[in-house]
Amino acid sequence: PTGQSNMTARELNTIPVGRTPVRIAELAPGLTDNTPNFGQVTISGGFAYDNVFLLNGVDLNDNLFGTANNVFIEDAIEETQVLTSGISAEYGRFSGGVINMITKSGGNTFAGSVRLNFSNPAWSNESPLQKSRNQTNPDTLSKFLEGTFGGPIMRDRVWFFSAGRRERSSQSATTTNTNMPFEPRTVNDRYEIKLTGTPYTNHTVQGSYID
């Protein structure tokens, strides 16, 4: 038997949890983020760099740390499946587990969502080390805008789904050893379009493009 957990968008919207693949996967048993690098997980005792992250069946792994490349749009994720044991050989190339995400699809009614997230280093308290050096977190407002929209092209036959994410953010950081403060800035835009068709009963064809 395969050991797995499935988390849907409806369930995740009711609890305070991060929307990244790693944060969602942490809800599954047999998994920990006590790993050497940020963004990694250890599944069933496997190496932290030896898991597989998938989005609509496409491998998202970076080629160094085995983390998920940031090409996903959080509000577009419909379901996240975490496979921890007894995993089918169809996946392959890992000794740990599989984190598989599926994005939303359009339906017979037009629907969408808009989310605007704010973050600011000044909203967090300074660490004891910062306080000892009279350092304060910079007052820099960062914005993350996400939107989704989908609906029918031909009712009961063809549907579309689209999503976008726009990030303009700054973080508070310090250099190693010298502890000099600086603010790295991130500019990140992501887009997705997905088409779903049912040409015959019990036959579904999907195609998606993510940039």
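Refer to the structure presented above.
Given the structure is predicted, the values throughout are model-derived calculations rather than measurements.

Novice: Tell me what's going on with the overall build of the chain, and back it up with residues and numbers.
Specialist: Along its length, the chain carries three helices and 14 strands. Considering only C-alpha atoms, the chain reaches an extent of 70 × 40 × 30 Å along its principal axes. Within the chain, the proportion of its 211 residues that are buried is 38%. A sequence separation of at least 24 residues applies to 54% of the contacts in the chain between residues at least 6 apart. For the chain, the exposed area adds up to about 12500 Å²; of that, 53% sits on carbon and sulfur atoms.

Novice: Any details on the sheet that holds strand β1 (residues 3–8)? Residues and values, ideally.
Specialist: Spatially, the five strands line up as an open sheet ordered β1-β6-β7-β4-β5, and their pairing is mixed. Pairing within the sheet leaves two strands with one partner each, and these edge strands are β1 and β5 (58–59). Note: strand β4 (residues 52–55) against strand β7 (residues 98–103), four bridges, orientation parallel. Paired with Leu-54 across the two strands is Asn-100, which belongs to β7.

Novice: Which residues make up unusual backbone geometry, and what values do they have?
Specialist: Positive phi, close to 55°, is recorded for Ser-44, a residue that is not glycine. For Asp-156, which is not glycine, the phi torsion reads 65° and is therefore positive. Here Asp-156 shows up in the loop between β9 (142–154) and β10 (158–170). When its relative accessible area of 52% is taken as the criterion, Asp-156 is described as exposed.

Novice: Break down the pairing of strand β14 (residues 203–210) for me, with residues and values.
Specialist: Here seven bridges tie strand β13 (residues 185–200) to β14, and the two strands are oriented antiparallel to one another. When the bridges of β14 are listed, Tyr-200 appears paired with His-203.

Novice: Could you give me a rundown of the pattern of salt bridges, with the residues and numbers involved?
Specialist: Enumeration over the complete set of coordinates arrives at eight salt bridges. Measuring nitrogen to oxygen at the nearest pair gives 2.9 Å for the salt bridge that ties Arg-93 to Asp-59. With Arg-93 in the loop between β6 (77–85) and β7 and Asp-59 in strand β5, this residue pair connects regions lying 34 residues apart in the sequence. Taking the relative accessible area as the measure of exposure, Arg-93 reaches 59% and is therefore exposed. With relative accessibility at 34%, the residue Asp-59 sits in the partly exposed group. Ionic pairing is found between Arg-115 and Asp-75, a salt bridge with its closest N-O pair at 2.9 Å. With Arg-115 in strand β8 (residues 111–119) and Asp-75 in the loop between β5 and β6, the pair connects residues that are 40 residues apart, well separated along the chain.

Basis of the calculations
Residues numbered from 1 in each chain as written. Predicted model: local features only at pLDDT ≥ 70, side-chain atom pairs only at ≥ 80, totals over all residues. Heavy atoms only, no water. Helix = DSSP H or I, 4+ residues; strand = E, 2+ residues; numbered from the N terminus. Buried < 20%, exposed > 50% of the residue type's maximum accessible area, 1.4 Å probe, protein only. Contact = heavy atoms within 4.5 Å. Areas by Shrake-Rupley, 256 points an atom, 1.4 Å probe, with all protein chains shown as cover. Pairing = 2+ DSSP bridges. Salt bridge = Lys/Arg side-chain N within 4 Å of Asp/Glu carboxyl O.

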